[in-house]
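Coordinates in review
Residues per chain, in single letters:
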Amino acid sequence: MGGFVVFAVMVIGAFIPFGIVGYLVRAGKNGLALTIVSAIGGMLVILVWGADGRLGIDPILAISWAMLFFVPATIGALAGWLLGWLMRRKDDRGMP
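A short note on the overall build of the protein
For the protein, the helix and strand inventory stands at three helices and zero strands. Along the protein, helices (α) and strands (β) appear in the sequence α-α-α when read from the amino end. Computed over its C-alpha atoms, the radius of gyration of the protein comes to 16 Å, more than 25% above the 12 Å expected for a compact globule of 96 residues. Principal-axis analysis of the C-alpha atoms gives the protein an extent of 50 × 35 × 10 Å. The 96 residues of the protein split such that 24% are buried.

Remarks on a nonpolar patch on the surface
A surface patch of nonpolar side chains, amounting to about 490 Å² of accessible area, comprises Met43, Val45, Ile46, Trp49 and Leu55. Following the sequence through the fold, Val45 ends up in helix α2 (residues 30–49). With relative accessibility at 55%, the residue Val45 sits in the exposed group.

A short note on the nonpolar core
Counting residues in each nonpolar core, the largest one holds 14 residues, and the members touching the most others are Val21, Ala33, Ile40, Leu47, Phe70 and Ala77. Every element with two or more residues in this core is listed here: α1 (2–26), α2 and α3 (59–93). Excluding its chain neighbours within four sequence positions, the residues that come into contact with Ala77 are Pro17, Phe18, Val21, Val37 and Ile40.

Examining α1
Between its terminal C-alpha atoms α1 stretches 36 Å, which fits the 36 Å expected from 25 residues at 1.5 Å a residue. Within α1 the residues assigned to the buried category are Ala14, Pro17, Val21, Gly22, Leu24 and Val25. Lining the buried residues of α1 we find α2 and α3. Gly28 sits one or two positions beyond α1 and adopts a positive phi of about 90°.

Calculation notes
For every chain, the first residue of the written sequence is number 1, and numbering continues from 1 along that sequence. Local features in this predicted model are restricted to residues whose pLDDT is 70 or higher, and side-chain atom pairs enter the listing and the counts only when it is 80 or higher, whereas totals over whole chains, interfaces and linings include all residues. Computation of side-chain values: all heavy atoms of the structure, hydrogens and water removed. Elements are defined by DSSP. Helices are runs of H or I of four residues or more, strands are runs of E of two residues or more, and each kind is numbered from the N terminus. This radius of gyration counts C-alpha atoms alone. The globule rule is 2.2 Å times how many residues there are, raised to the power 0.38. Residue burial is assigned from relative accessible area. The probe radius is 1.4 Å, only protein chains are included, and a residue is buried under 20% of its type maximum, exposed over 50%, and partly exposed in between. What goes into a patch is any residue over 30% in relative accessible area without a salt bridge, connected to like charges within 9 Å or, for nonpolar side chains (Val, Leu, Ile, Met, Phe, Trp, Tyr), within 5 Å. Shrake-Rupley sampling with a 1.4 Å probe provides the accessible areas, and residues are treated as covered by the protein chains on show and by no other component. Every case where a carboxyl oxygen of Asp or Glu lies within 4 Å of a side-chain nitrogen of Lys or Arg is listed as a salt bridge. We call a set of buried residues a nonpolar core when its members are Ala, Val, Leu, Ile, Met, Phe, Trp, Tyr or Cys and they connect through side-chain atoms within 4.5 Å of each other. Contacts are assigned to residue pairs that have any heavy atoms within 4.5 Å of one another. By this rule, a helix spans an expected 1.5 Å times one less than how many residues it contains.

Take a look at the structure:
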């Protein structure tokens, strides 16, 4: 049961940025989408860099948060960006 909960949290954490960033890129709001992707990536870098203990963050907690929340969110946001860009490109060409 515990493994399913972890998997569900990771999938939900990936689909939310996927949908938001994909919608924003397709709507042509690339600046806001880039801000969201940068914020997610920045938190991931802070947690991974802070996992050595010198930053004052518990290393196990930092890596746990990074792997459980921010890695799937980063992957989902980048996949949403790619899908939104491809759909935007298709709309601009006038393809059905």
